[in-house]
Amino acid sequence: MTQRALDPSGDQPTGSSGPPGTGRPVKIDAGSELDPVHPVDLPAPVPARGLTAAEVAEAIARGEVNDVPVRSSRSVTEIVRANVLTRFNLIIGVLWVIMLFVAPIQDSLFGFVIIANTGIGIVQEWRAKKTLDGLAVIGEAKPTVRRDGVAAEVSVSEIVLGDLVELGPGDKVIVDGTVTEADSLEIDESLLTGEADPVLKRTGDPVMSGSFVVAGGGAFTATKVGREAYAAQLAEEASRFTLVQSELRSGISTILKYVTWMMIPTAIGLIISQLVVKDNNFKESVARTVGGIVPMIPEGLVLLTSVAFAIGVVRLGRKQCLVQELPAIEGLARVDVVCLDKTGTLTEGGMDVTEVRALNGTDDPYLRRVLGAFGASDPHPNASLQAIIDTYPVPDDQAWTVTQSLPFSSARKYSGAAFDEGEGRASSWLLGAPDVLLPEADPALTEIEQLNEQGLRVLLLARARGSLDAPDLADGAVPSALVVLEQRLRPDAGQTLAYFADQRVATKVISGDNAVSVGAVAAKLGLPGAEHTLDARKLPADPDAMATAMEENAVFGRVTPQQKRDMVAALQSRGHTVAMTGDGVNDVLALKDADIGVSMGSGSEATRAVAQIVLLNNSFATLPSVVAEGRRVIGNITRVATLFLTKTVYSVLLAVLVVCFQVEYPFLPRHLTLLSTLTIGIPAFFLALAPNKERAHPHFVRRVMRYAIPSGTIAAAATFAMYLIARNHYSGTGALDAETSAATLTLFLVSMWVLAIIARPYTWWRICLVAAMGLAFVIVLVVPWLQDFFALKLVGTTMPWTAVGIAVVASVALEYAWRLVGRRFPA
């Protein structure tokens, strides 16, 4: 495969094809006349130096720069347009203009409220945009580009046509290009082609942007940059701020669609009733008609949802959590199974070699030389090999030549290297999972099992009998040593696992390591069910049987990347909402298929590209905050949506009753503006931002409407009954105002009881919130200038107390209806 010599210092292999200091080997494809499957072993050529500074400047001058504008959020113009140009703002805007001409300013207050609400929405989303943009810059991966023979990290937007871009495991291919150097380079193109198997790349092969490296290394020359790159448009679209594809928002859209269809005929009937049938004063009729139409529109619900999402992004941003797609906040709130990758999640990336146990009489000094040479053979060491490199550097007097190398693959669970030791001696070595390299009956496995039970990670160093190209490479390998590694546990992992257990979220640890070892680590951290471990090689292939095994066990070892993907699909087939965390390239396929993918900020570029949530601080302990934020948003929006839609229901029913009974509409816009502000607008804002730990449930529309319909029906019936009673009681000048005041009192009290139900369970601030809204209405009733401003004045004592009595009866009916609905129609 490759051939290079380790110099005495162990710093730089001679014949290296990488930039100074990297020691990157190159796989040479000898041409079509040779074996196309097995590359021949040839000395590595002199490495390409990349573009010069002058050539880079010329490319920039020609505009050949990778200038794709990847945004994490909408522009300010788009934010303003999305918040202002809505269907309901148009309807309300037209009605507002009409009211400005035909009625006092008091009846136009609803227009000013919409302006204020829209302004709040714009400001909050702009704050979220700033947070997202700032985090996106922090989390942006910087590819390594070789220029003038020197490798340096540059911004994605600084790559120019012809640049030589280096690749290592986990690196994402940023632009299209052609392979210039390849050392066992395997690239996964599944995100582009759907083909899960990695593709072995040789010199001259094309690579496409959007793919990523799973094994080996190399470099490629950029042939297409900017918008010409294959995945540029897809990447730009996927990185944009979005509020779509969520059950919450699609549910609200469904509700609004039906509201619109109900509103149109109702409004027409109301207009005819007030203008033609009753033959009232024109301006008075218009005012009362508008007063009947405006409250049918639950415009604040859309706004409040956007604000809640935006505030959630800002809150999570302060905790160094990048939400790449806003619906991910909602999705994680619905999660009931979290699949964790042990390395980088439960344990920190680094490891320490605690012991090397010689096997079969292998000489200890010779083992040290082998381990030192093995570490130097891989330019892209993983955490395990890095621990070996730190413990066993290459001796100064050692000058072994690397004749072949086999990068580690999570699919085969081992890596390999072949050396020319000089004086005619040669050797080939494998380093990897003992239970993969050893036969099942090998006596060494008992000793390894004991170490695994202590939570230690064990690698086997074995001497291979044949070439590293052999398909049965691991067969007959002679065990030479056990390398015992101790993993560093994350100090906050135990608390995080306890949080998920408390929230009834099942936790599954899925790892490529030995299942017993992983189970011991999980047990140290207090994972419930850590004793239920399963070797993934024994997992049934049948999806249903696999799903059963997944539900019955908590820890899985020796899992291949494809199995991770299958395990996620098996859990989803049982109706589970699955979140997957990971930081390595072996996690990418599972992250992509999971309902929510969560990547560590220090993870590979490939994992960050497909994840919806990136933990920039690399702290698994941030995940509970994301879950809590999602539950707060979804739970509270579901709660306050009932308030908004109760108003819609009673507004439509009141309009229908007015048309059927051929009476004046009881309210002016100012009355319903006051009621909406005190019983819905202000309380909903505070309730939407309150803590809420309840796990989000599906069927948003059904959950909301099952309470809104009976609540709105009771409110409309009670209010209209009071209105008819008052019409029979009052007569003469000012009768309509007195009737309106009595009806307003009834509707306010019933709406307050709906608010009181929704505010449960009570806390001190919720009680204060409800009490403050009631006190505000009392102030309006007793302060003379507020009475005049809102045209509210209770006349006599009989009708006001009748209004209170009807409201009490309606409140009892509300309590009964809510309990009945909860029993008969569970969501």
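Looking at the overall build of the protein
Tallying secondary structure elements over the protein gives 27 helices and 23 strands in all. With 827 residues in all, the protein has 56% of them scored as buried. Sequence-distant contacts, at least 24 apart, represent 73% of the contacts inside the protein between residues at least 6 apart. Total accessible area computed for the protein in this model is approximately 33,200 Å², and 59% of it derives from carbon and sulfur atoms.

A closer look at the sheet that holds strand β11 (residues 337-341)
An order of β10-β23-β22-β21-β11-β18-β20-β19 is seen for the eight strands of this open sheet, with the pairing classed as mixed. Unpaired on one side and paired on the other, β10 (321-323) and β19 (533-535) mark the two borders of the sheet. Across the sheet, the mean angle from the axis of one strand to that of its neighbour is 20°, orientation sign disregarded. The sheet contact formed by β19 and strand β20 (residues 555-557) spans three bridges and is parallel. Counterpart to leucine 534 in the pairing with β20 is phenylalanine 556.

Observations regarding empty space enclosed by the protein
In total, this model carries three cavities of 30 Å³ or more according to the counting rule given. Roughly 80 Å³ of internal volume is contained in the largest cavity. Lining the largest cavity are 13 residues, with Ser377, Asp378, Pro379, Ser405 and Pro407 sitting closest to its centre. Counting residues per element, the lining of the largest cavity draws most heavily on strand β13 (residues 401-409), at three residues.

Re helix α22 (residues 669-688)
The largest bend in α22 comes to about 50°, at threonine 677. With 15 of its 20 residues buried, α22 lies for the most part within the structure.

Overview of the packing of aromatic side chains
Inspection of the entire model under this criterion finds 11 aromatic pairs. Arranged with centres 5.6 Å apart and planes meeting at 55°, the rings of tryptophan 400 and phenylalanine 419 form a pair that is tilted. Of this pair, tryptophan 400 sits in the loop between α12 (383-391) and β13 while phenylalanine 419 sits in strand β14 (residues 414-422), and the two are 19 residues apart along the sequence. Of the two residues, tryptophan 400 and phenylalanine 419, both sit in the buried class. Considering the side-chain rings of phenylalanine 789 and phenylalanine 790, the 5.1 Å spacing of their centres and the 80° angle between planes classify their relative orientation as edge-to-face.

Looking at the nonpolar core
One finds Leu332, Ile613, Phe620 and Phe777 to be the most contacted residues of the largest nonpolar core, which totals 119 residues. Residues within four places of isoleucine 613 in sequence aside, it is in contact with Cys321, Leu322, Ala328, Leu332, Ile596, Gly597, Val598, Ser599 and Val626. Listed in part, the 25 residues of the second largest apolar core include Ala547, Met567, Val588 and Val610.

Observations regarding the packing of α22 against helix α24 (residues 735-758)
Contact pair α22 / α24: the axes reach a minimum separation of 9 Å and the direction vectors enclose 10°. The angle between α22 and α24 places the two elements in the roughly parallel class. In this structure, α22 contributes His671, Leu672, Leu675, Leu678, Thr679, Pro683 and Leu687 to the contact, and α24 contributes Thr740, Thr744, Leu747, Phe748, Ser751, Met752, Leu755 and Ile758. Counted by class, the contact of α22 with α24 contains 10 nonpolar, five polar and no charged residues.

A look at the pairing of strand β4 (residues 150-153)
Note: strand β3 (residues 144-147) against β4, four bridges, orientation antiparallel. Opposite valine 145, over in β4, you have alanine 152 as the bridge partner. From the end of β3 to the start of β4, which pair antiparallel, there are two residues, and aspartate 148 there has a positive phi angle of about 55°.

Re the side chain of arginine 631
Take arginine 631: it is sitting in helix α21 (residues 623-661). In this structure, arginine 631 is buried with no salt-bridge partner, the nearest side chain bearing the opposite charge being aspartate 502 at 7.7 Å. A distance of 2.5 Å separates the side chain of arginine 631 from the side chain of glutamine 503, its partner in a polar contact.

Examining the pattern of salt bridges
Following the criterion strictly, the structure yields 19 salt bridges and no others. Note that glutamate 181 and arginine 146 form a salt bridge whose closest N and O atoms lie 2.9 Å from each other. One end of the pair, glutamate 181, is in strand β6 (residues 176-188); the other, arginine 146, is in strand β3, and 35 residues separate them in sequence. We classify arginine 146 as buried; its relative accessible area is 1%. Where arginine 574 meets glutamate 551, a salt bridge forms, and the shortest distance between an N and an O atom there is 2.8 Å. One end of the pair, arginine 574, is in the loop between α18 (561-573) and β21 (578-582); the other, glutamate 551, is in helix α17 (residues 543-552), with 23 residues separating them in the sequence. When salt bridges that share partners are traced, they join Asp435, Asp535, Arg537 and Arg558 into one network.

Here's the deal with a nonpolar patch on the surface
Together, Val97, Leu100, Phe101, Ile105, Phe112 and Ile115 make up a nonpolar patch on the protein surface, roughly 590 Å² of accessible area in all. Elements with a contribution of two residues or more to the nonpolar patch: α3 (87-102) and α4 (109-139). With three residues, α3 is the largest single contributor of residues to the nonpolar patch. Along the polypeptide, phenylalanine 101 turns up in helix α3. Judged by its relative accessible area of 67%, phenylalanine 101 falls in the exposed class.

Remarks on the environment of lysine 283
Structurally, lysine 283 can be placed in helix α8 (residues 282-293). For the pair formed by lysine 283 and isoleucine 98, sequence separation is 185 residues and the distance between their alpha carbons is 10.0 Å.

Considering the packing of α21 against α22
Interhelical geometry of α21 versus α22 gives an angle of 175° and a closest axis separation of 9 Å. Accordingly, the angle class assigned to the pair α21 and α22 is roughly antiparallel. Note on element contacts: α22 touches α21 through Ser676, Thr679, Ile680, Ala684, Leu687 and Ala688, opposite Arg632, Asn636, Val640, Leu643, Phe644 and Lys647. For the contact of α21 with α22, a count of residues per class yields seven nonpolar, three polar and two charged.

Details of unusual backbone geometry
Between arginine 760 and proline 761 the backbone carries a cis peptide bond, its omega angle lying at -5°. Its identity is not glycine, yet aspartate 148 carries a phi of approximately 55°, on the positive side. Tracing the chain through its elements places aspartate 148 in the loop between β3 and β4. Positive phi values are uncommon outside glycine, yet glutamine 320 reaches one of about 60°.

Basis of the calculations
Residues numbered from 1 in each chain as written. Predicted model: local features only at pLDDT ≥ 70, side-chain atom pairs only at ≥ 80, totals over all residues. Heavy atoms only, no water. Helix = DSSP H or I, 4+ residues; strand = E, 2+ residues; numbered from the N terminus. Buried < 20%, exposed > 50% of the residue type's maximum accessible area, 1.4 Å probe, protein only. Contact = heavy atoms within 4.5 Å. Areas by Shrake-Rupley, 256 points an atom, 1.4 Å probe, with all protein chains shown as cover. Pairing = 2+ DSSP bridges. Axes fitted to C-alpha atoms, helices over the stretch in contact; angles between N-to-C directions. 1 Å grid on protein atoms, 1.4 Å probe; cavity = no way out; pocket = protein on both sides within 12 Å on 5 of 7 lines; lining within 4 Å. Points joined across faces, edges and corners; volume = space filled by probe spheres on them. Bend = angle between axes of the 7 residues up to and from the residue. Phe/Tyr/Trp six-rings, centres within 6.5 Å; stacked < 30°, edge-to-face > 60°. Core = buried A, V, L, I, M, F, W, Y, C linked by side-chain atoms within 4.5 Å. Parallel < 35°, antiparallel > 145°, perpendicular 65-115°, else oblique. Nonpolar A, V, L, I, M, F, W, Y, C, P; charged D, E, K, R; others polar. Lys, Arg positive; Asp, Glu negative; His and termini not counted. Salt bridge = Lys/Arg side-chain N within 4 Å of Asp/Glu carboxyl O. Polar contact = N/O pair within 3.5 Å; in protein donor to acceptor, adjacent residues only side chain to side chain. Patch = residues over 30% accessible without salt bridge, like charges linked within 9 Å, V, L, I, M, F, W, Y side chains within 5 Å.

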